[in-house]
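# Understanding the architecture of this molecule
Read off the chains here:
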Amino acid sequence: MNSFTTPLLKWFQHSKRDLPWRQTTNPYLIWVSEIILQQTRVDQGISYYEKFIKTFPTLAHLANASFNDVLLVWQGLGYYRRAQNLHNSAKLIFNTLPFRFPSTYVELKKLDGIGDYTAAAIASIAFQEPVAAIDGNVMRVWSRVFCLSHPMNSPQLKKKCSEIMEPLLGEAHPGDINQALMELGATVCKPGDPMCDQCPLKQLCKAHQSGNQRSYPLKAPKPKTRTRFFLFLVNLHLRDQTPCIWIEQRGAGDIWQGLYQFPMIETNAPPDSESLAHIEHLTSMGLTEKPDIQKAVYVKHKLTHQTLHCWFINTNLEKPLTESCISLPMSETHRFAFPRPILNYLHTYLKPEIESDCTFC
Ligand code: SF4
């Protein structure tokens, strides 16, 4: 053990959070937890992880489930591509790799949605392979300990962290060392407020010794954000005396793949110019009354690289916008997975109407 790993592992043993995926070395469960945590905070991820493994306790359960069932469990967590990747990979492992879970960093990286970090985390935690799992927390810790001059998330910083960790991981307990560093970054060496007095590495940390903790890591350039305008056409109607809503499934190659939404028109500008013209063209679809944009419900929804401006407009569309539209009874909306803004609208504006005798119809 060297001067880094001894205090680090001792601290980890006593101070680590009691997280459900830390009770196991089952690679399937660790894989699920790592995919959930790719874009999700730990406190939010716990309930989704528990729900997911209760619904799909083994890889066989996940491989044999329908994608809609997977989306129903994932609903609200965002980044739905992760659910698709999990499902695709589970089917691949179950059907073509005679049910042997990939057990090396190289094999794991061949699965959909698994990059350097996730492959290293699973390989080291489940199979004790000595590979460095470098996430934002780990980069921050090493950046401060050695006052590294590379920007956050840069390939140069990742390479430097990997060089630092290589000799440490070769000694023993690579899974624990990786987890300890991530835990240290998440709970002690926090971005804006490092708690150096509680840190097992404080005697070795150059940033702490020079009082420059907050200067590291160097900031990464801000990624560009895309702005989009979505116009959702909401139509509550009666079918056989049952309140129903038109919905359609989103296709591949964009956000919310496979989820359901109200028929939607995407425009290049807010719906007071070009998009209104689009709506006027809908008369051929049975739209007899021009929707009043002033009465639309507006919601702004932020994703990591996209800002969505959403307008929900009540319409009297008599026919579906496209052939793929479904007239769904409101009592069955729970069987379909929706993106969060649609789900919120359903629960806030439509369900109460249904529950207190529909006034739309
Ligand atoms: S001493 Fe402070 S800045 Fe250095 S690694 Fe520990 S918490 Fe981070």
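A quick note: this is a predicted structure, and the numbers were derived from the prediction, not measured. Every chain is numbered independently, its residues counted from 1 as its sequence is written. pLDDT decides what is reported in this predicted model: residues at 70 or higher carry local features, side-chain atom pairs at 80 or more are listed and counted, and totals for whole chains, interfaces and linings draw on all residues regardless. Note: side-chain values were computed over all heavy atoms of the structure, leaving out hydrogens and water.

### Some words on the site of the ligand
Only a single heavy atom is needed: when it lies within 4 Å of a molecule or strand, its residue is near that molecule or strand. Around the ligand, the surrounding shell consists of Arg 144, Val 145, Val 188, Cys 189, Cys 196, Cys 199, Lys 202, Cys 205, His 208 and Gln 213. The nonpolar class holds Ala, Val, Leu, Ile, Met, Phe, Trp, Tyr, Cys and Pro. Asp, Glu, Lys and Arg form the charged class, and all remaining residues, Gly among them, are polar. Here the residues of the shell around the ligand are counted per class, giving 6 nonpolar, 2 polar and 2 charged.

### Concerning the domain arrangement of the protein chain
Domains are outlined according to an automatic or database domain assignment. Splitting the protein chain by domain gives domain 1 (5–215) and domain 2 (226–355). Using only C-alpha atoms to locate each centre, domain 1 and domain 2 end up separated by 37 Å. We call two residues in contact whenever any of their non-hydrogen atoms come within 4.5 Å of each other. Counting residues at the interface gives 12 residues for domain 1, matched by 15 residues for domain 2. For the pair domain 1 and domain 2, the two sides together bury roughly 990 Å², of which 48% comes from carbon and sulfur. Criterion for a salt bridge: a side-chain nitrogen of Lys or Arg within 4 Å of a carboxyl oxygen of Asp or Glu. Linking domain 1 with domain 2 are 0 salt bridges. By the criterion applied in these results, polar contacts are pairs of N or O atoms within 3.5 Å in which, for protein atoms, one can donate a hydrogen and the other can accept it, and in which residues neighboring in sequence qualify only through two side-chain atoms. Inspection of the region where domain 1 meets domain 2 yields 6 residue pairs in polar contact (both at pLDDT 80 or more). By definition, any uninterrupted DSSP run of H or I lasting at least four residues is a helix, any uninterrupted run of E lasting at least two residues is a strand, and each is numbered from the N terminus. Mapped onto the side of domain 1 that touches domain 2, the elements with two or more residues apiece are α3 (42–55), α5 (67–74) and α6 (81–96). The dominant element in the side of domain 1 that touches domain 2, judged by the number of residues it contributes, is α5, at 4 residues. Across the side of domain 1 that touches domain 2, the residue classes break down as 6 nonpolar, 5 polar and 1 charged. Take the accessible area each of two parts loses on contact, using a 1.4 Å probe, and add the two losses: that sum is the buried area.

### Side note on the packing of aromatic side chains
What characterises a pair of aromatic rings is the spacing of the ring centres plus the angle enclosed by the ring planes. Aromatic rings from Phe, Tyr and Trp, taking only the six-membered ring of Trp, are treated as a pair when their centres fall within 6.5 Å; an angle between ring planes under 30 degrees marks them as stacked, one over 60 as edge-to-face, and anything in between as tilted. By the definition in use, this model includes 18 aromatic pairs. Geometrically, the ring pair formed by Phe 230 and Trp 256 is edge-to-face, given 6.0 Å between the ring centres and 70° between the ring planes. On the criterion of sequence distance, the pair formed by Phe 230 in strand β1 (residues 226–234) and Trp 256 in the loop between β3 (242–249) and β4 (260–261) is long-range, its members being 26 residues apart. In this pair, the class of Phe 230 matches that of Trp 256, namely buried. An angle of 20° between the planes, with centres 5.0 Å apart, marks the rings of Phe 232 and Phe 312 as stacked. Of this pair, Phe 232 sits in strand β1 while Phe 312 sits in strand β7 (residues 306–314), and the two are 80 residues apart along the sequence. Burial classification: accessible surface area is computed with a 1.4 Å probe over protein chains only, and a residue below 20% of its type maximum counts as buried, one above 50% as exposed, and the rest as partly exposed.

### Focus: the packing of helix α2 (residues 27–37) against α6
As a packed pair, α2 and α6 sit with axes 10 Å apart at the nearest point and diverge in direction by 160°. With respect to α6, the element α2 is oriented roughly antiparallel. Between α2 and α6 lies a crossing of right-handed hand. Contacts between α2 and α6 pair Trp 31, Val 32, Ile 35 and Ile 36 from the former with Arg 82, Leu 86, Ser 89 and Ala 90 from the latter. Looking at side-chain class alone, the contact of α2 with α6 contains 6 nonpolar, 1 polar and 1 charged residues. Axes, fitted as lines to C-alpha atoms, cover a helix only where it is in contact. Angles between the N-to-C directions of the axes lie from 0 to 180 degrees. In what follows, roughly perpendicular refers to angles from 65 to 115 degrees, roughly parallel to angles under 35, roughly antiparallel to angles over 145, and oblique to any angle outside these ranges. By convention the crossing between two helices is left-handed if the near helix lies anticlockwise of the far one by an angle smaller than a right angle, and right-handed if it lies clockwise.

### Here's the deal with the environment of Pro 27
Tracing the backbone shows Pro 27 in helix α2. The exposure class of Pro 27 is buried, given its relative accessible area of 18%. Separated by 98 residues in sequence, Pro 27 and Ile 125 have C-alpha atoms that sit 8.2 Å apart.

### A word on the packing of helix α8 (residues 116–127) against helix α11 (residues 174–187)
One can describe the packing of α8 onto α11 by two numbers: an axis separation of 7 Å at closest approach and a directional angle of 130°. Judged by the angle between their axes, α8 and α11 are oblique. Helix-helix and strand crossings are classified by hand; for α8 and α11 the assignment is left-handed. Residue-level inspection shows Tyr 117, Ala 120, Ser 124 and Ile 125 of α8 in contact with α11, the latter providing Pro 174, Gly 175, Asn 178, Gln 179 and Met 182. Looking at the contact of α8 with α11 residue by residue, the classes come out as 5 nonpolar, 4 polar and no charged.

### Re the pairing of strand β2 (residues 236–239)
Here 4 bridges tie β2 to β3, and the two strands are oriented antiparallel to one another. If you follow His 237 over to β3, its bridge partner there is Cys 244. A pair of strands is considered paired only if DSSP assigns at least 2 bridges between the two.

### Some thoughts on the nonpolar core
As used here, the term nonpolar core means buried Ala, Val, Leu, Ile, Met, Phe, Trp, Tyr and Cys residues forming a set that is joined through side-chain atoms within 4.5 Å. Core analysis: the largest hydrophobic core is formed by 99 residues, its most contacted members being Tyr 28, Trp 31, Phe 52, Trp 142 and Phe 262. At 8 residues, α8 tops the list of elements feeding residues into this core. Residues within four places of Trp 31 in sequence aside, it is in contact with Leu 59, Leu 62, Leu 86, Ser 89, Ala 90, Phe 101, Ile 114 and Ile 122. If you look at the next biggest cluster of nonpolar residues, it comprises 8 residues, including Leu 231, Leu 233, Trp 311 and Ile 313.

### Describing the pairing of β7
Counting buried positions over the 9 residues of β7 gives 8, a clear majority of the element. Judged from the 6 bridges that link them, strand β6 (residues 297–302) and β7 form a sheet pairing that is antiparallel. Across the sheet, Val 299 pairs through a bridge with Cys 310, a residue of β7. Between β6 and β7, which pair antiparallel one after the other, the connecting turn spans 3 residues.

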